[in-house]
Amino acid sequence: MASKKRQYLLADLCSRDDHRKPEHSKMNTSIDPQAARIRASLLAWYDAHRRDLPWRAKSGVRADPYAVWLSEIMLQQTNVATVGPYFGNFKAQWPTVDDMAAGSLDEILVAWQGLGYYARARNLYKCAGVVVSEHGGVFPETEDELRKLPGIGSYTAAAIASIAFDQPCVPVDGNIERVTARLYDIDIPLPKGKKDIHAAAQSFISKDRPGDFAQAMMDLGSGVCAPRSPKCDICPLNADCQAYKTGNPARLPVKAPKKIRPERCCVVFWLENADGDVLMQKRPETGLLGGMTGFVSTSWREGAWPEPTEIETASPLSIEWAEIPGEAVHVFTHFRLTMRVLKGKAQKGANVDGFWVAPTLFAEHALPTVMKKVIKLVGENPS
């Protein structure tokens, strides 16, 4: 069955003989009739039900490429509700791409803290610099040119091109992927099924309101064609949805079984000086949490806890350390990290690698959530 669906999607999308009348008067006849009907129905629904988002242009107003780019980077693996306040703060602090390029990476990371996936913040800053230095502060309009910018992949390039510049393309995020899989009943498990889903989504490419159509698909997936409890009775596309006709659209898209998340552990050193300041270090700009500020620790290792010799080698000073009760746990995308914290006092004039920060000034530094959990554990166990 999957093989037949694959043939249909990749070879027969443009040859279907479907003569039902469109539900919207402005059907695009340059594409497959069913795809044109879906587009017309969805755009009519969007005109009545579009979400009011801080980065979204009002109806009839040209989108701001900077706002589209900034929001799309923030929305990667992060939901709309979380992104909203961050987007507002960034726009207030850096109103234009020129302002962002003139800032510093440290400032970007501080403003980004808590949003996670910090490579996005580093790429945000790099991209702003490239747009200003190589493009005169103007974002390129095509997918191909946008993909050359730091941090912009295929989806983000298509999203910016369609929403900001009305280029005829269809970005495929999680919402659009889900809607498309259900429309065409594509039951090949992800990630293998992505190829067929993306091919099917391309059948909707049109010069007629491509940006609105992309956002309409996103809105439909977010509010109607939800992952677990789709509201099929109010969906404007239910007449064309193959999964709805089977009676079980929530099963799509089919996801491969989750892999067991690896466990890692480390020992963190909370070193205070005579003034109560705490020793911190800045992480290398590449790799996980690159450029962020954190506490000294052993390596993040799988398996057993570090041996005493490894702890001694990693510690910033050879002093007496006291273990704080409990553990701090943080779940990253690909592993779970458990941290134990050792607390110690530095002698006056001690030579250490790092810099001292007063706890009252922690907020001024780019501290990732994992380090804030260390702070919380220490705060719950005052000595």
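What you see as residue numbers is a count from 1 along each chain, following the sequence as written. Residue-level local features of this predicted model are given only where pLDDT is at least 70; pairs of side-chain atoms are given and counted only at 80 or more, and the full residue set underlies all totals for whole chains, interfaces and linings. Side-chain calculation: all heavy atoms of the structure are included, whereas hydrogens and water are not.

A.B. asks: Outline the environment of T142, listing residues and values.
C.D. replies: Put simply, DSSP H or I for four residues or longer makes a helix, DSSP E for two residues or longer makes a strand, and each gets a number counted from the N terminus. One can find T142 in the loop between α7 (119–135) and α8 (143–146). As for T142 and C127, which are separated by 15 residues in sequence, their C-alpha atoms are 16 Å apart. In the analysis that follows, any N or O atom pair within 3.5 Å is treated as a polar contact, provided that within protein one partner can donate a hydrogen and the other can accept it, and provided that, for residues neighboring in sequence, both atoms belong to side chains. From its side chain, T142 meets the backbone nitrogen of E145 in a polar contact 3.3 Å long.

A.B. asks: An account of the layout of surface pockets is requested, with residue identities and associated values reported.
C.D. replies: Using protein atoms alone on a 1 Å grid, points that fit a 1.4 Å probe yet trap it form a cavity, whereas open point sets bounded by protein on both sides within 12 Å along at least five of seven lines form a pocket; residues with an atom within 4 Å of a point count as lining. Grid points are joined across faces, edges and corners, and a volume is the space filled by probe spheres set on the points. Volume-wise, the second largest pocket comes out at about 500 Å³. What lines the second largest pocket is a set of 29 residues, and nearest its centre among them are G116, Y117, Y118, F332 and T333. The set of elements that each furnish at least two residues to the lining of the second largest pocket consists of α3 (65–74), α7, β7 (328–331) and α15 (369–379). Looking at the lining of the second largest pocket, the element that brings in the most residues is α7, giving 5 residues.

A.B. asks: Before we move on, can you summarise the nonpolar core with the specific residues and values?
C.D. replies: The biggest cluster of nonpolar side chains holds 99 residues, and the ones touching the most others in it are W69, L70, M74, F90, M100, W112 and F204. With near-sequence residues (within four places) excluded, F90 lies in contact with L70, M74, P95, M100, I108, A111, W112 and L124. Within this scheme, the nonpolar core is defined by two criteria: the residues are buried Ala, Val, Leu, Ile, Met, Phe, Trp, Tyr or Cys, and they are joined through side-chain atoms within 4.5 Å. Only protein chains enter the area calculation, which uses a 1.4 Å probe; residues under 20% of their type maximum are buried, those over 50% are exposed, and those in between are partly exposed. Counting 12 residues, the second largest nonpolar core, distinct from the first, contains L271, L317, W321 and L342. Two residues qualify as a contact provided that any one of their heavy atoms is within 4.5 Å of a heavy atom in the partner residue.

A.B. asks: Break down the packing of helix α9 (residues 154–165) against helix α12 (residues 210–223) for me, citing the residues and quoting the values.
C.D. replies: Look at α9 against α12: their axes get within 7 Å of each other, and the N-to-C directions meet at 125°. Taken as axis vectors, α9 and α12 run oblique relative to one another. Between α9 and α12, the residues in contact are Y155, S162 and I163 and P210, G211, A214, Q215 and M218, respectively. Of the residues contributing to the contact of α9 with α12, the split by class is 5 nonpolar, 3 polar and no charged. Only the stretch in contact is used when a helix axis is fitted, and all axes are lines through C-alpha atoms; the angle between N-to-C directions ranges over 0 to 180 degrees. Orientation is classified from the angle alone, with under 35 degrees giving roughly parallel, over 145 giving roughly antiparallel, 65 to 115 giving roughly perpendicular, and any other angle giving oblique. Residues are sorted three ways: Asp, Glu, Lys and Arg are charged, Ala, Val, Leu, Ile, Met, Phe, Trp, Tyr, Cys and Pro are nonpolar, and all the rest, Gly among them, are polar.

A.B. asks: Hey, could you go over the packing of aromatic side chains for me, with residue numbers and the actual values?
C.D. replies: A ring pair, where both rings are aromatic, is described by two values, the distance of the centres and the angle of the planes. A pair of aromatic rings is counted whenever rings of Phe, Tyr or Trp (Trp by its six-membered ring) have centres within 6.5 Å, and the orientation is called stacked for planes under 30 degrees apart, edge-to-face for over 60 and tilted otherwise. Summed over the entire model, instances satisfying the criterion amount to 14 aromatic pairs. Counting every residue linked through ring pairs, the aromatic cluster contains Y66, W69 and F139. Put simply, a charge is over a ring when the Lys NZ or the Arg CZ is close to the ring centre, within 6 Å, and near the line of the ring normal, within 35 degrees. In this structure, R264 packs its charged tip against the face of F335, placed 4.1 Å from the ring centre. The ring of W305 has R340 sitting right over it, with the charged end atom 3.8 Å from the ring centre.

A.B. asks: Which residues make up a positive patch on the surface, and what values go with them?
C.D. replies: Patch membership requires more than 30% relative accessible area and the absence of a salt bridge. Residues of like charge join within 9 Å; the nonpolar side chains Val, Leu, Ile, Met, Phe, Trp and Tyr join within 5 Å. Note on areas: these come from Shrake-Rupley sampling with a 1.4 Å probe, and a residue is covered only by the protein chains present in the view. The salt bridge criterion pairs a side-chain nitrogen of Lys or Arg with a carboxyl oxygen of Asp or Glu, the two atoms within 4 Å. Two residue types count as positive, namely Lys and Arg, and two as negative, namely Asp and Glu; His and chain ends fall outside the count. A charge is said to be at NZ when it belongs to Lys, at CZ for Arg, at CG for Asp and at CD for Glu. A grouping of R228, K255, K258 and R261 is seen on the molecular surface, where their side chains present a positively charged patch. Position of R228 among the secondary structure elements: in the loop between α12 and α13 (242–246).

A.B. asks: Would you mind going over helix α4 (residues 80–93) in detail, with residue names and values included?
C.D. replies: For α4, built from 14 residues, the straight-helix expectation of 20 Å at 1.5 Å per residue is met to within 8% by its first-to-last C-alpha distance of 20 Å. All buried positions along α4 are accounted for by V83, Y86, F87 and F90. For α4, the secondary structure elements touched by its buried residues are α3, α5 (97–102), α6 (105–112) and α7. The distance from a side-chain oxygen at the start of α4 to the backbone nitrogen of A81 is 3.3 Å, and the residue carrying that oxygen is N79. To estimate the expected span of a helix, count its residues, drop one, and scale the result by 1.5 Å.

A.B. asks: Summarise the pairing of β7; cite the residues concerned and give the values.
C.D. replies: Side chains A328 and H330 of β7 all project onto a buried face; the interleaved residues V329 and V331 project onto a face where none is buried. Should DSSP find at least two bridges between two strands, the strands are regarded as paired. Two elements, β7 and strand β8 (residues 336–345), share 4 bridges in a ladder whose sense is antiparallel. Bridged to V329 within β8 is T338.

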